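The residues making up each chain are set out below.
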Amino acid sequence: MIKQKAILFDATLCVGCGECYNACKEQNKLPATNDDFLKDHLGANTYTVIEEYGDYYTRKLCMHCVEPTCVSVCPVGAFTKTELGPVLYNPDICLGCRYCMQSCPHKIPRYEWTKNNPRVRKCVMCYDKISKGESTACADACPAEATIFGDRDELIKIAKQRIAESPDSYYPEIYGLNEAGGTSVLILSPVPFDQLGFAANLPKEPLGNYTMRALDKIPSVVGVGGVFLTGMYWLTKRKNEIAKEENDTIKSDGKKI
Amino acid sequence: MKNFVLPKITFWRAVGTIIVITGLYSTYLRFTGGLAATTNLNDQFPWGLWIGFDILCGVGLAAGGFTICAVTHIFNIKQFKPLARPAILTAFLGYLLVIFGLMYDLGKPYNIWHAIIDWNPRSVMFEVAWCVMLYTTVLFLEFAPVVLEKLKWKKLLSIIKMVSIPLMILGIILSTLHQSSLGSLFLILPNKMSALWYSGMLPVYFYLSAIAAGFAMVIFEAFMSARAFKRDVEMNLLSKIGLYSALFLILNFVIKIVDLSLSGNINLLFQTSQQTLLYYLEILIGTLIPSGILLVKDLRVQKKWLYISATLIVAGFLFNRMNVTITAISSELKLDYFPSFYEVSITLMLVVFGMLAFRLITKYFHIFNEEKVTLNA
């Protein structure tokens, strides 16, 4: 069993230097999109950004959910959750329905709106790099150890330890521990997470469960529906026939008299 | 061709021609410049008018096809048989237009065949895709007798006639799954939609409202074609259909109010906000006013009131689907989306295509006055 990898981002340590942003662009060979990285947004050519909220900086990137919504909604299975942790996308079978974008609880996937062969774009957690046992480009580049890479279990331990050691510096929760079923990008913050622009109203269970509850009913709809409709057809047909026979009997009786 | 001299028809033909020319220009832009060149969609608002109207409304308004089939062939209430063929035709055209419209909205329409080989049964969109494929096939077979009659291909006709009842049953089940699954699509957005529209009951709402709107479309079309072909409308049948529609609307409305109360969101009805106003408009136009009219027997037997209420039900249905796709999400996420000129022009072109096809097919094939035909099952 491979241990799931993860990224831990600690907003109390981030100095907003932009090294992760630059390293990401370089690693994924993405063209420059903004002279000032603090003014940039996630986009088809920007997989991670640094955002400024008052005194604090935070990163935004694909959260690589443990049970990803995008994986559950994609009609053709263009998204996969790898054993290693990253959520990957296959543009070759994608239809472009954009249900992944519509449903992502973290509002991450971006689209190549201007292209005629558009792809969904997002962070891939440097899948090629980490498959070779390396860490992600952003974690490598971070001079402040605000972004670190490792086994998800280990990072959760480290996060808990940090909160326990300096409770005054941290909001006492780990974002991503079980938001919408948990994520492989974990966030520590000095303030409540919605103040750093993270979705705060997420249920604890994976969002895929919400649609599974409807999909689970399909077999019974088909079964009950089939039996009911066939039964109804037979019953009403028989009823009509009997009514007709009775009518005929009355008519022929009438003739006799 | 005698219609040609009527000024009214000429006016609508002119309007239709302008819409189609604009739509074709937008089509050119869409397939050369991509979605960015033609739509106001963006990363935070990836579904707009084309999903909301072309897909959700297109499928919903086609519901008359399966409801009338159920009434005439499963519940064997034969008096409604004259309504079956127009309803099946509407449904068939509706589904063809949905598929056509989908080609504009999909980012990679040329990949659509992947839906057949790449399966993800956990996805509602997968269910939707298969329902579209299978039910369009069923509608094709349900409609085929009309064409086979015209061609006098009796052998093929008798084969289709043999399987017609299982086909109808299959069609009703597929429609049930499909109509409700369009509501299920939104179940996965609990944190992105206003609670005025979001509910675990969305699949039920979509199903019941589609049944009501499908009945209303049958009435609406009967009036339209009566005017075009200068025939009389079957008021005794249509007013009963109107009553059925009202009953489904009321059922849907009651479930909605109970659900809003139970989920503790009923207070949303007493806010002063744009979304609350739009919710009230939807309910008034689409449910309360038309079902109020239709429940009064003296009113629903009158052509004028029946026509008005059917029109309101269809309008309210469109209103609801737009509210679910646009208002519910834009108000919750504080986003602004309004369809672009190109999006609207393509949607209008699809509507014109639908009306034109219905008109031509009803003119050249035996769609109305079905009772004269024997091989129709």
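Residues numbered from 1 in each chain as written. Chains lettered and ligands numbered in written order. Predicted model: local features only at pLDDT ≥ 70, side-chain atom pairs only at ≥ 80, totals over all residues.

## Looking at the overall build of chain A
Counted only if it meets this: The helix count covers DSSP runs of H or I at least four residues long, the strand count covers runs of E at least two residues long, and both are numbered beginning at the N terminus. Every C-beta atom is placed from the backbone, and the number of other C-beta atoms within 10 Å of a residue's own sets its class: buried at 20 or more, exposed at 12 or fewer, partly exposed in between. Working definition of a contact: two residues with C-beta atoms, positioned from the backbone, lying within 7 Å.
Helix and strand content of chain A: 8 helices and 9 strands. In terms of principal-axis extent, the alpha carbons of chain A reach across some 110 × 45 × 40 Å. Residues counted as buried form 43% of the 257 residues belonging to chain A. Of the contacts made within chain A by residues no fewer than 6 positions apart, 60% connect residues no fewer than 24 positions apart.

## Some points on the domain arrangement of chain A
Operational definition: Here the limits of each domain have been adopted from an automatic or database domain assignment.
Each assigned domain of chain A is listed with its residue range as follows: domain 1 (5-207) and domain 2 (217-256). Inter-centroid distance (C-alpha atoms) of domain 1 of chain A to domain 2 of chain A is 61 Å.

## A word on the nonpolar core
Residue and element names in this part refer to chain B. In plain terms, the rule: As used throughout, a nonpolar core is a set of buried Ala, Val, Leu, Ile, Met, Phe, Trp, Tyr and Cys residues joined through C-beta atoms within 7 Å of each other.
Counting residues in each nonpolar core, the largest one holds 178 residues, and the members touching the most others are A213, A216, I219 and V314. Ranked by the residues each element gives to this core, the list is headed by helix α9 (residues 202-229), at 16 residues. With near-sequence residues (within four places) excluded, A216 lies in contact with S245, A310, I313 and V314.

## Focus: the environment of G94 of chain B
Considering the arrangement of structural elements, one finds G94 of chain B in helix α4 (residues 84-105). For the pair formed by G94 of chain B and L61 of chain B, sequence separation is 33 residues and the distance between their alpha carbons is 7.4 Å.

## Focus on the pairing of strand β1 (residues 5-10) of chain A
Residue and element names in this part refer to chain A. Defined as follows: Think of it this way: DSSP has to see at least two bridges between two strands before they count as a pair.
With 6 of 6 residues buried, β1 is to be regarded as a mostly interior element. Of the two faces of β1, both are covered, the one formed by K5, I7 and F9 as well as the one formed by A6, L8 and D10. With 5 bridges connecting them, β1 and strand β8 (residues 147-151) associate as antiparallel partners. When the sheet's bridge partners are listed, A6 is paired in β8 with G150.

## Remarks on the sheet that holds β1 of chain A
All names here are of chain A. This is how it is decided: Lines are fitted to the C-alpha atoms to define the axes, a helix being fitted only along its stretch in contact, and any angle between axes, read from their N-to-C directions, falls within 0 to 180 degrees.
Pairing in this open sheet of 3 strands is mixed, and the strands run β8-β1-β9 from one edge to the other. The open sheet terminates on both sides in strands that have one partner only, identified here as β8 and β9 (185-188). In this sheet, neighbouring strand axes are inclined to one another by 25° on average, regardless of whether the strands run parallel or antiparallel. Inspection of the sheet shows β1 paired to β9 by 4 bridges, in the parallel sense. Directly across from I7, in β9, lies its bridge partner V185.

## What about the interface of chain A and chain B?
Keep this limit in mind: In this count, Pro and Cys sit with the nonpolar residues alongside Ala, Val, Leu, Ile, Met, Phe, Trp and Tyr, while Asp, Glu, Lys and Arg are called charged and the others, Gly among them, polar.
Contacts between chain A and chain B engage 50 residues on the former and 40 residues on the latter. For the side of chain A that touches chain B, the secondary-structure elements that each account for two or more residues are α2 (69-73), α3 (99-103), β6 (110-111), α7 (208-215) and α8 (218-256) of chain A. Take the side of chain A that touches chain B: its biggest share by element is 12 residues, from α8 of chain A. Residue composition of the side of chain A that touches chain B, grouped by class: 28 nonpolar, 17 polar and 5 charged.

## Quick look at the packing of α4 of chain B against helix α14 (residues 341-364) of chain B
Residue and element names in this part refer to chain B. Going by this rule: Between 65 and 115 degrees an angle is taken as roughly perpendicular, under 35 as roughly parallel, over 145 as roughly antiparallel, and anywhere else as oblique. By convention, the crossing between two helices is left-handed when the near helix turns anticlockwise from the far helix through less than a right angle, and right-handed when the turn is clockwise.
In the contact formed by α4 and α14, the axes pass within 10 Å of each other and the chain directions differ by 150°. Here α4 is positioned roughly antiparallel relative to α14, judged by the angle of their axes. For the element pair α4 and α14, the recorded crossing hand is right-handed. Contacts from L89, T90, L93, L97, F100, G101 and Y104 of α4 reach α14 at I346, L350, F353, G354, A357, F358 and I361.

## Focus on helix α6 (residues 124-151) of chain B
Just so we agree on the cut-off: The span one expects for a helix is its residue count, reduced by one, times 1.5 Å.
The terminal C-alpha atoms of α6 of chain B lie 40 Å apart, and with 28 residues this matches the ideal 40 Å at 1.5 Å per residue to within 8%. With its phi angle positive at about 60°, K152 of chain B sits one or two positions after the end of α6 of chain B.

## Examining the confidence of the model for chain B
Going by this rule: pLDDT gives the predictor's per-residue confidence on a scale running from 0 to 100.
Here chain B averages 92 in pLDDT, and 95% of its residues register 70 or above. Confidence over residues 370-377 of chain B falls short of pLDDT 50; this stretch has 16 contacts with residues more than four positions distant or in other chains.

## Details of the packing of α6 of chain B against helix α7 (residues 154-162) of chain B
Helix-helix packing is characterised by the crossing angle of the two axes and by the distance between the axes. Residue and element names in this part refer to chain B. It is at 9 Å that the axes of α6 and α7 come closest, and there the two elements cross at 155°. The angle between α6 and α7 falls in the class roughly antiparallel. Once α6 is placed against α7, the crossing between them reads as left-handed. Residues L141, A144, P145, L148 and E149 of α6 touch α7, and the partners they reach there are L156, L157 and I160.

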